[in-house]
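Chain and residue survey
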Amino acid sequence: MKHYVTTLTDTEIQNMRELAKKRDAKKALFGAGRHGKLTSSSEESHFRGLVGEFAVAKFFGTQLDTAIHDDHGDEGFDVEVAGLRADIKVAAHPMAWKDPILKVPCGSWKDMTKLEKSQLFICCAFDVSTNRLKICGFVDVEELKASPQERMNLRGGGQGPLNYIVKKENLRDIDELR
């Protein structure tokens, strides 16, 4: 399967860090999430997500949504791709670069509500040490819902949140959306 790799510039990284800080400032209203405790802070979770959103928007020649809403988070999706609403999922663990897995939370009513707002789910891997991001592939919402649900083990021990799991061999080529 073909994938797309880009290296973000220092300026792009700085811009994403500044936007992540602004998004994270709303945690007093909405709470802070660390996506299964995979990052050191909710701000870092925002940053990693933004890196993926930025790279996907750049790849498809569309705009990154930089809006910060006073009363809610995003619109339930991250970016429009080929006229479809896409949710971008980014993994930064070193194994994700070699063996990407799309994980989409599905264990709560909030997770399931968000699933109804996105039509595509795009899997990305981010190498923090080199600022490289790989767009690994995608599935549509029907393919996602037909995928197995699983709780992954957390690095610090214990079980993470319930996710739909799509392994790399079941991801579709990102060029199908061009």
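Report follows, based on the coordinates. (Residues numbered from 1 in each chain as written. Predicted model: local features only at pLDDT ≥ 70, side-chain atom pairs only at ≥ 80, totals over all residues. Heavy atoms only, no water.)

Overall, mixed pairing links the five strands, which are arranged β1-β6-β5-β3-β2 in an open sheet. Here the strands that pair on one side only, and so sit at the sheet edges, are β1 (4-7) and β2 (79-81). For this sheet the average axis-to-axis angle between neighbouring strands, irrespective of direction, equals 35°. For strand β5 (residues 120-127) and strand β6 (residues 132-140), the ladder comprises eight bridges, and the chain directions are antiparallel. Bridge assignment links Cys-124 to a residue of β6, and that residue is Ile-135. (Pairing = 2+ DSSP bridges. Helix = DSSP H or I, 4+ residues; strand = E, 2+ residues; numbered from the N terminus. Axes fitted to C-alpha atoms, helices over the stretch in contact; angles between N-to-C directions.)

Before going further, it helps to spend a moment on the side chain of Ser-147. With respect to the helices and strands, Ser-147 occurs in the loop between α6 (141-145) and β7 (149-153). Overall, Ser-147 belongs to the buried group, its relative accessible area being 15%. Once residues lying within four places of it in the same chain are set aside, the contact partners of Ser-147 are Tyr-164, Ile-165 and Val-166. (Buried < 20%, exposed > 50% of the residue type's maximum accessible area, 1.4 Å probe, protein only. Contact = heavy atoms within 4.5 Å.)

For the rest of this paragraph, the subject is the sheet that holds strand β8 (residues 159-167). Taken in spatial order, the three strands of this open sheet run β4-β8-β7, and their pairing is antiparallel. Unpaired on one side and paired on the other, β4 (101-105) and β7 mark the two borders of the sheet. Going from strand to strand, the sheet's axes swing by 55° on average, the running direction of each strand aside. Examined bridge by bridge, β4 and β8 share five bridges and lie antiparallel to one another. Bridge pairing in β8 places Leu-102 opposite Val-166.

On to the packing of aromatic side chains. Any aromatic ring pair is given by two values, namely how distant the centres are and how the planes are angled relative to each other. Taken as a whole and judged by the stated rule, the model has three aromatic pairs. Both rings, one in Tyr-4 and one in Phe-59, keep their centres 4.3 Å apart while their planes meet at 45°; by these two values the pair is tilted. One end of the pair, Tyr-4, is in strand β1; the other, Phe-59, is in helix α3 (residues 42-60), with 55 residues separating them in the sequence. In this structure Tyr-4 comes out as partly exposed when scored by relative accessible area, which is 22%. Members of the aromatic cluster, connected to one another through ring pairs, are Tyr-4, Phe-59 and Phe-60. Sitting above the plane of the Phe-47 ring, Arg-17 keeps its charged end 3.7 Å from the centroid. Positioned above the aromatic ring of Phe-59 is the side chain of Arg-178, whose terminal nitrogen or guanidinium carbon lies 3.9 Å from the ring centre. (Phe/Tyr/Trp six-rings, centres within 6.5 Å; stacked < 30°, edge-to-face > 60°. Lys NZ or Arg CZ within 6 Å of the ring centre and 35° of its normal.)

Turning to the packing of helix α1 (residues 10-24) against α3, a few remarks are in order. Look at α1 against α3: their axes get within 8 Å of each other, and the N-to-C directions meet at 130°. Relative to α3, α1 is oriented oblique. Viewed along their axes, α1 and α3 form a crossing whose handedness is right-handed. Touching Glu-12, Ile-13, Met-16, Arg-17, Leu-19, Ala-20, Lys-21, Arg-23 and Asp-24 of α1 are Ser-42, Glu-43, Glu-44, His-46, Phe-47, Leu-50, Val-51, Glu-53, Phe-54 and Lys-58, all from α3. (Parallel < 35°, antiparallel > 145°, perpendicular 65-115°, else oblique. Left-handed = near helix turned anticlockwise from the far one by under 90°.)

This part is about the nonpolar core. One finds Val-51, Val-56, Val-81, Ile-122, Leu-133, Ile-135 and Ile-174 to be the most contacted residues of the largest nonpolar core, which totals 29 residues. Mapped onto this core, the elements with two or more residues apiece are α1, α3, β2, β3 (84-91), β5 and β6. Per element, the largest residue contribution to this core is nine residues, and it comes from α3. Those residues in contact with Leu-133, other than ones at most four positions away along the chain, are Tyr-4, Val-5, Thr-6, Leu-8, Val-51, Gly-52, Ala-55, Val-90, Trp-97, Cys-124, Ala-125 and Phe-126. Ala-96, Trp-97, Leu-115 and Cys-123 belong to the second largest nonpolar core, which has 17 residues in total. (Core = buried A, V, L, I, M, F, W, Y, C linked by side-chain atoms within 4.5 Å.)

In this section: the pairing of β8. Note that β7 and β8 share four bridges and pair antiparallel. Pairing of Arg-151 across the sheet is with Leu-162, part of β8. From the end of β7 to the start of β8, which pair antiparallel, there are five residues, and Gly-157 there has a positive phi angle of about 100°.

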